[in-house]
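Structure assessment
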Amino acid sequence: MPEAPATTTAQNPEPSTPDPGSAGTTSAVATLVGVVTRRKPETPHPAFVDHPEWLVAARWLFLIGCTALGFWNTIVAIVDELMAQTLILYVPVLVVLALIAVIGVSWRTVDELPIYDRQTDVIVGIVVLILALAMKYLVNPRYARAYLTTHMDLLALWLFVFGAAVLLFGLRPVARYRWVWLLLVLIFPPPVRAVVLIMGGTSLAAGFVVVLMAVAATAIAVGRTWRRKLLAALLAGAVGLVALFVLDALGAPRNIVVPYPGLIAALATSAYMLVDYRRRGGRKWSPPEAGRISPPKVPFVGRPGLVVLLVAVLLALCPTPPVGSNYQSNRYPQLGIGEPLVVPVGWRQESLGVYGWVSRLYGPGSVLIRQVLVQTRGNRAYDKFARPRRVVVDSVDSRRPLVLDVYPDIFRYDLSSERTSLPIEVDLSNGVRGRVWSVVDDERYLTYTVLSWRWNNGNRTQQVMLWAVDNHEPEAYFPEPRITILANMNSLMTILLRGNSVLLDTDPQLKDEALLIGLAGELIRAQLGAARGAGA
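The notes below deal with the structure included here. (Residues numbered from 1 in each chain as written. Predicted model: local features only at pLDDT ≥ 70, side-chain atom pairs only at ≥ 80, totals over all residues. Heavy atoms only, no water.)

Moving on, we come to helix 7 (residues 118–139). If you check helix 7, its first and last C-alpha atoms are 30 Å apart, about what 22 residues at 1.5 Å a residue would give, namely 32 Å. Among all positions of helix 7, only Arg118, Asp121, Val122, Gly125, Ile126, Val128, Leu129, Ala132, Met135, Lys136 and Val139 are buried. (Helix = DSSP H or I, 4+ residues; strand = E, 2+ residues; numbered from the N terminus. Expected span 1.5 Å × (residues − 1). Buried < 20%, exposed > 50% of the residue type's maximum accessible area, 1.4 Å probe, protein only.)

Dropping the structure here:
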C-alpha cells in the first residue's frame, strides 16, 4: 500500500539543475536525503497488505538482526560479565522491562494526527545513526582502561536502535514511546553503578535499583491517567520490595536477588491492572484482536533499510576493548588471601591499615590491606644519601576476578587529576608477571612508580600494588585508599570532552622500577614460602 505523500516534492522528486551559488554542504545533504527518501514504484507484497502484523514483525526482526550484527562484540562482552555476575545483570532485565512498557503503550487506543514527513524521518534517523557510529568508533576506545565500567558502546547501541527505528517506522510513531526510550537510556551503566555504590554496592542495593526500574516500566505500561500511573507504581513497588526482601532473607544468590524481584513486580502488577481494567468494562487498553493490528505508518522501506544495514556493518567492524584482565594470574592453592602479606627479610612493617569499604566494589568478604614497609638498611642505589626507602603495599581481593577490572584501581584512589602512563609488563619471580607504570601528581609535584600483579588460590583472586614516590622524606604523601565515585565521573567527562591524552603521561619516568621489582620478588617468595610452610 503506497504511503500518502507528506508533500508533492517529497513524493515525486524531479531532476533539477543545481544552483552554482548554493553551499556545497547543503547540496550534499539535499542529495543524500533525496536519494534515501525516493520510493520505488512497487507496492508492498500482498501478504503484507493482508497481514500487516507480518510486516511489523519483519521490520522488528530486521532491526534486531542489524543490532546483533553491529554490536556482536558488545553482546559477547555482556555475556562474559553476566557469567561473572557483575552489576551488568540488570541490563537484560531492563530490556525485558522496556519490552513490557512497549507492549503496554501499544495496547492503548490513541488518536494520532495523520501527518508524516518522510524527509524528517530520514534526516533525524541518519543523524542519530552517525552519532552511534561516532560513539562506538571514536568515544568508546577513549575509555579502554575503564571499558567495563563505562560501556560507552551500550550508549551507542541505544542510539543505533533509536535511529534505526525512526528510519523503519517513522519519527512520530517512535515518539509515541518516548517514555520507554527514556527508561531504556539506563542501559548506559555509569549512573546505575553510581547509585548502587552510594547505596552500599550490595546485591540488595542492586535489586532495589532494578525494582525502581520495574516501577517506572509498569507505570509507563499501564498508566493511561496519572491516577493509574501512581497506583501501578505503588503496587509494583510493594510487590517488588516484598519479593526482594524475601529472596534476600532466604539467602538467594546474586543472580536471583538482582533481576527477579523487578521482573515479578512488573509482570504481576501489569497482569493485575489489565484484569482489573477489563473487569470494570474498559476497552481502550487491551491486547489487539486478531486481524486488527494497524499497518506501519511507513508502508514501504527501501533505501533507509539499506542505510541501517550499512551502518550495522560499519559498527560490526569497530573493535571493543578486550574483556577480562590483562594480568597473568597464577594459581597457588595454599596462598593466604585476605590477610596481611608476610614481610620479607630486609624490610620492616611501619604501619598496617584495613579498609572494608572495598566490599561495596568487589563483593562480600573483600578487604583492602595497606602495609607501609621500610627498608631495614638504606642503599645508595635507591637513595643518594642511603636513606631507607619507604614503599606502600596495597592488597585487595575478590571472589569474582572480573570485578577487579570493572572497578580498576582508579576507583580505589583519587587519581582523577593525575596523569598515568601506559603499563609495561615485567617479569617478577616464580613465574609471576606484573605491570609497572607511573603516576604524576602535578599539584604536589610528585611522581609515583607503581607495580602490580595478580594471583589466586582457586577461590579468591588478589591484586597487589606497590607504590614508591620520588620524595624520599618520611612524610612524603601517598594516595589514600577511598572510594571516588564523583571524582571519577568528573574524570570520565573530561576524557569525553578533551580526550584521554589529557590524563596520559606520555613520557613516563619509572624512577623506582628496580626497587619495586626487587621488593615484589621478595614478597612473592615470602608468600609462597610461608604457604609451603603452612602446608607442611
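That was the structure; now back to the text.
Right, let's talk about the nonpolar core for a bit. Grouped together as the largest cluster of nonpolar side chains are 107 residues, with contacts concentrated most on Leu97, Phe160, Tyr407 and Trp467. Here the element with the most residues in this core is helix 9 (residues 152–169); it accounts for 16 residues. With sequence-adjacent residues up to four places away left out, tyrosine 407 is seen in contact with Leu87, Thr149, Arg193, Leu197, Leu361, Tyr362 and Arg412. Ranked by size, the runner-up nonpolar core spans 25 residues in total, among them Leu341, Val436, Leu451 and Ala468. (Core = buried A, V, L, I, M, F, W, Y, C linked by side-chain atoms within 4.5 Å. Contact = heavy atoms within 4.5 Å.)

Moving on to the packing of aromatic side chains. Two measures describe an aromatic ring pair: the distance that separates the ring centres and the angle between the ring planes. Tallying each qualifying case throughout the model produces 11 aromatic pairs. Directly above the ring of tryptophan 226 sits lysine 229, whose terminal nitrogen or CZ lies 5.4 Å from the centroid. Here arginine 444 stacks its cationic end above the ring of tyrosine 477, 3.9 Å away from the centre of that ring. (Phe/Tyr/Trp six-rings, centres within 6.5 Å; stacked < 30°, edge-to-face > 60°. Lys NZ or Arg CZ within 6 Å of the ring centre and 35° of its normal.)

Let's shift gears to a nonpolar patch on the surface. Taken together, Leu69, Leu306, Leu309, Leu310, Val313, Leu314 and Leu317 make up a surface patch of nonpolar side chains, about 630 Å² in accessible area. Looking at the nonpolar patch element by element, the count peaks at 5 residues for helix 17 (residues 303–316). Here leucine 317 shows up in the loop between helix 17 and strand 1 (329–331). Since its relative accessible area comes to 65%, leucine 317 is described here as exposed. (Patch = residues over 30% accessible without salt bridge, like charges linked within 9 Å, V, L, I, M, F, W, Y side chains within 5 Å. Areas by Shrake-Rupley, 256 points an atom, 1.4 Å probe, with all protein chains shown as cover. Salt bridge = Lys/Arg side-chain N within 4 Å of Asp/Glu carboxyl O.)

So, on to the side chain of asparagine 140. Relative to the helices and strands, asparagine 140 is located in the loop between helix 7 and helix 8 (147–150). For asparagine 140, a relative accessible area of 0% corresponds to the buried category. Asparagine 140 has contacts with Met135, Tyr147, His151, Met152, Asp153, Thr320 and Pro321, leaving out every residue within four places of it along the chain.

Glancing now at helix 5 (residues 72–83). Taking 1.5 Å per residue, 12 residues should reach 16 Å; helix 5 reaches 17 Å between its end C-alpha atoms and fits that length. Among the residues making up helix 5, those that are buried are Asn73, Thr74, Ala77, Ile78 and Glu81. Take helix 5 and look down its axis: the buried residues cluster within an arc of 145°, on one side only. Just downstream of helix 5 lies glutamine 85, where phi reads positive at about 60°. (Arc of directions from axis to C-beta.)

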